[in-house]
Amino acid sequence: MSTPKSITLSEDPKGIVIAWDDGHSAIYPFSFLRKACPCAVCKGERLPFDPDPLALPVYKPLPPNMTAAKDMFKIGRYAIGFKWGAGHDTGIYSFDYLRKMCPCSECAG
Ligand SMILES: [Zn+2]
Ligand SMILES: [Zn+2]
């Protein structure tokens, strides 16, 4: 179970910085988080049988105003959510999900 010690805002790139309790920390740009939205609607836009959805450019292009988070909120003790453009806010980003998809070069490498 992954737990963040802190979540702060990043200005460049725009996004959040998560410092995990295992000592790791990484920047999650909003554009990355928006594409990784785990809700049923966004997952429905992905190609079926995609072996690694985060590694392949299979997403519909999103207009720029949809990749800026308008708000961020806690969901219980295990997840956070974002309010995106167009009022989209149904994705539940569990901390385990966020830890596994860490976009830093160390984890992605
Ligand atoms: Zn979604
Ligand atoms: Zn990482």
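Conventions used here
Residues numbered from 1 in each chain as written. Chains lettered and ligands numbered in written order. Predicted model: local features only at pLDDT ≥ 70, side-chain atom pairs only at ≥ 80, totals over all residues. Heavy atoms only, no water. Donors = N, O, S within 2.8 Å, 3.2 Å for Na, K, Ca; no water. Tetrahedral: all angles 85-135°; square planar, octahedral: opposite > 155°, others 65-115°. Helix = DSSP H or I, 4+ residues; strand = E, 2+ residues; numbered from the N terminus. Core = buried A, V, L, I, M, F, W, Y, C linked by side-chain atoms within 4.5 Å. Buried < 20%, exposed > 50% of the residue type's maximum accessible area, 1.4 Å probe, protein only. Contact = heavy atoms within 4.5 Å.

Enquirer: An account of the coordination of the zinc ion (ligand 2) is requested, with residue identities and associated values reported.
Expert: In a perfect tetrahedron of four donors around a metal, the angles come out at 109.5 degrees. In a perfect octahedron of six, they are 90 or 180 degrees. Around the zinc ion (ligand 2), the donor atoms from the protein are H24 (NE2), C102 (SG), C104 (SG) and C107 (SG), and they sit 2.1 to 2.3 Å away. Viewed at the metal, the four donor atoms of the zinc ion (ligand 2) are separated by angles of 102 to 115°, and the geometry they form is tetrahedral. Counting the intervening residues between successive donors of the zinc ion (ligand 2) yields the motif H-x77-C-x1-C-x2-C. With a gap of 78 residues between them, H24 in the loop between β2 (14-20) and β3 (25-29) and C102 in the loop between α3 (95-100) and α4 (105-108) connect regions that are remote in the sequence.

Enquirer: Describe the nonpolar core, naming the residues involved and giving the relevant values.
Expert: In this structure, I16, Y28, L33, I80, F82, Y93 and L98 are the most contacted members of the largest nonpolar core, which totals 20 residues. Elements supplying a minimum of two residues to this core: β2, β3, α1 (30-35), β5 (79-83) and α3. Look past the residues within four positions of F82 in its chain and what remains in contact with it is I16, F30, L33, A69, D71, M72, F73, H88, D89 and Y93.

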